[in-house]
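An overview of the molecular structure
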Protein chains: 2
Amino acid sequence: MNRKDPAALHEECCAITRALTQIGDWWSLMIVREAMLGTRRFSDFQQALGIARNILCNRLNRLVDAGVLNRVETDEAGRRPEYRLTEKGRDLFVALTALRQWGDKWILTDRPPLALRDRHSGRPVRPVQVLDADGEPLSLHQVMIDEDEAVNARLP
Amino acid sequence: MNRKDPAALHEECCAITRALTQIGDWWSLMIVREAMLGTRRFSDFQQALGIARNILCNRLNRLVDAGVLNRVETDEAGRRPEYRLTEKGRDLFVALTALRQWGDKWILTDRPPLALRDRHSGRPVRPVQVLDADGEPLSLHQVMIDEDEAVNARLP
DNA sequence: GCAGATGGTTTCAATTTGAAACCATGGACG
DNA sequence: CGTCCATGGTTTCAAATTGAAACCATCTGC
């Protein structure tokens, strides 16, 4: 599997590989994170992230091509376009929240954990978990990849 | 925030940023994914991923330094070391599962979804969600970052 | 019309990557 | 013992990617 060969990657059937190909580099993920905080404009991304402008431009285009962001031409002052999360982009919320919680638990060990709250009730959100059909949490070793589908789809 | 400045990044209090700094590049995440499938040896990672050997070596060392993998000197044939997931590494299971499900849902739209099953019951696992204190799913806009903590910790 | 803000592109040096060659160690086998 | 081969690295060097800065284009406000 060659990371730089688009055709080969497009044949790749591991969902993680495919996902990482679309959004799995530092800046793309940081941009999505920033977008989830409400940032929409080129210069706002640039200042918030401290990213080089050519790289920002490149990543925004990639994310638009991937359908994660939408480039919206606003009619407002200056005709500045906005970059807004699509449904697909918003759906990364779960993965990024899991990542945030992982970082809180394993890296920022000396700080107050879990500042994420339900806006409505004000109560903290639960740690994200993988649950079985009954809602019981599953660990890595309790999960398997379906044999048939795995073979058919050349997983992992 | 300069991505290449270790000191500055170490001050960074966004858990996502910190997490991405430790494991947020293509190969590191692919290696962790591969390790979750049971791969442990240098050459097995190399063949499974098609990664250059020097890069693999570099990433394995980084992951060991980050405490995501453990380098275990085995007594077996050839004294070949093994790289095994630590508790911290296994804990990435949730985030990677969320990413896999995202890829299944939004990229591999033409294929059978969700090959992940509970090994015990054989039933498919649920889609990972962010849940409130009562176990109700929360979307991006229903979640907020706690004001006080955000200010104290200079979040996001 | 002119200055400033904003969104982008170009340019070029510095860093990172990847392929291949090289090295070192530990069996296996004759 | 000596040779071969597998494995886990390291080194080397060309090619790709990144990042800082300069440049360009459009729109606003004055």
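Remember, predicted model here, so these are calculated numbers, not experimental data.

What counts as what
Residues numbered from 1 in each chain as written. Chains lettered and ligands numbered in written order. Predicted model: local features only at pLDDT ≥ 70, side-chain atom pairs only at ≥ 80, totals over all residues. Heavy atoms only, no water. Least-squares fit on C-alpha atoms with pLDDT ≥ 70 in both. Contact = heavy atoms within 4.5 Å. Near = heavy atom within 4 Å. Polar contact = N/O pair within 3.5 Å; in protein donor to acceptor, adjacent residues only side chain to side chain. Helix = DSSP H or I, 4+ residues; strand = E, 2+ residues; numbered from the N terminus. Nonpolar A, V, L, I, M, F, W, Y, C, P; charged D, E, K, R; others polar. Buried area = accessible area lost by both parts, 1.4 Å probe. Salt bridge = Lys/Arg side-chain N within 4 Å of Asp/Glu carboxyl O. Pairing = 2+ DSSP bridges. Phe/Tyr/Trp six-rings, centres within 6.5 Å; stacked < 30°, edge-to-face > 60°. Buried < 20%, exposed > 50% of the residue type's maximum accessible area, 1.4 Å probe, protein only.

1. Re the relation of the copies chain A and chain B
For the pair chain A and chain B, the superposition axis carries a translation of 0.0 Å, the fit reaches an RMSD of 0.0 Å, and the rotation angle comes to 180 degrees. The transformation relating the two chain copies, once decomposed into turn and shift, fits a two-fold axis. The overlap is high: 100% of the interface residues of chain A also sit at the interface in chain B, so the same surface is used on both sides.

2. Details of the protein's contact with DNA strand D
Near DNA strand D lie 19 residues; those nearest to it are A:Asn54, A:Arg59, B:Cys57, B:Arg71 and B:Tyr83. The share of sugar and phosphate among atoms of DNA strand D within 4 Å of the protein is 63%. In this structure, a phosphate oxygen belonging to DNA strand D sits 3.0 Å away from a side-chain N or O atom of A:Trp27. Contact between DNA strand D and A:Asn54: a base nitrogen at 2.5 Å from a side-chain N or O atom of the residue. Mapped onto the surface near DNA strand D, the elements with two or more residues apiece are helix 5 (53–65) of chain A together with helix 4 (42–49), helix 5 (53–65) and strand 2 (81–85) of chain B. Of the residues contributing to the surface near DNA strand D, the split by class is seven nonpolar, four polar and eight charged.

3. Concerning the protein's contact with DNA strand C
Taken together, 19 residues surround DNA strand C, and among them A:Cys57, A:Arg71, A:Tyr83, B:Asn54 and B:Arg59 come closest. Protein-adjacent atoms of DNA strand C, using a 4 Å cutoff, are sugar or phosphate at a proportion of 61%. At a separation of 3.5 Å, a base oxygen of DNA strand C approaches a polar side-chain atom of A:Asn54. Residue assignment for the surface near DNA strand C shows that the elements contributing at least two residues are helix 4 (42–49), helix 5 and strand 2 (81–85) of chain A together with helix 5 of chain B.

4. Brief notes about the interface of chain A and chain B
Across the contact, 82 residues belong to chain A and 82 residues belong to chain B. Approximately 8,200 Å² of surface area, both sides summed, lies buried where chain A meets chain B, with 68% of it carried by carbon and sulfur atoms. Counting the surface chain A buries against chain B, the share from its top three residues, A:Trp26, A:Trp102 and A:Leu140, is 10%. Viewed at the interface, chain B and chain A are joined by four salt bridges. Here B:Asp134 makes a salt bridge to A:Arg123, at a shortest N to O gap of 2.7 Å. Between the two partners, chain A and chain B, sit 22 residue pairs in polar contact (both at pLDDT 80 or more). Elements that contribute at least two residues to the side of chain A that touches chain B include exactly helix 2 (15–23), helix 3 (26–36), helix 6 (87–90), helix 7 (93–106), strand 3 (116–118) and strand 4 (143–145) of chain A. Within the side of chain A that touches chain B, the residues separate by chemical class into 47 nonpolar, 13 polar and 22 charged. Bridging between strand 4 of chain A and strand 3 (residues 116–118) of chain B involves three bridges; their strand directions are antiparallel.

5. As for the packing of aromatic side chains
All names here are of chain A. All told, the structure shown has two aromatic pairs over all chains when counted by the stated rule. Here the aromatic rings of Trp26 and Trp27 are separated by 4.8 Å at their centres, their planes lie at 85 degrees, and the arrangement is edge-to-face. A relative accessible area of 8% means that Trp27 is categorised as buried.

6. Let's talk about the side chain of B:Glu82
Mapped onto the elements, B:Glu82 comes out in strand 2. A polar contact is formed between the side chain of B:Glu82 and the side chain of B:Arg84, at a distance of 2.9 Å.

7. Topic: the side chain of A:Arg33
In this fold, A:Arg33 is placed in helix 3. There is a polar contact of 2.9 Å between the side chain of A:Arg33 and the side chain of B:Thr17.

8. Some thoughts on the pairing of strand 2 of chain A
The side chains of a regular strand alternate between the sheet's two faces. Residue and element names in this part refer to chain A. Judged by how many residues are buried, strand 2 sits mostly within the fold: four of five residues are covered. Bridge count for strand 1 (residues 69–73) against strand 2 is five bridges, and the pairing is antiparallel. Residue pairing for strand 2: Leu69 is matched across the bridge by Leu85.

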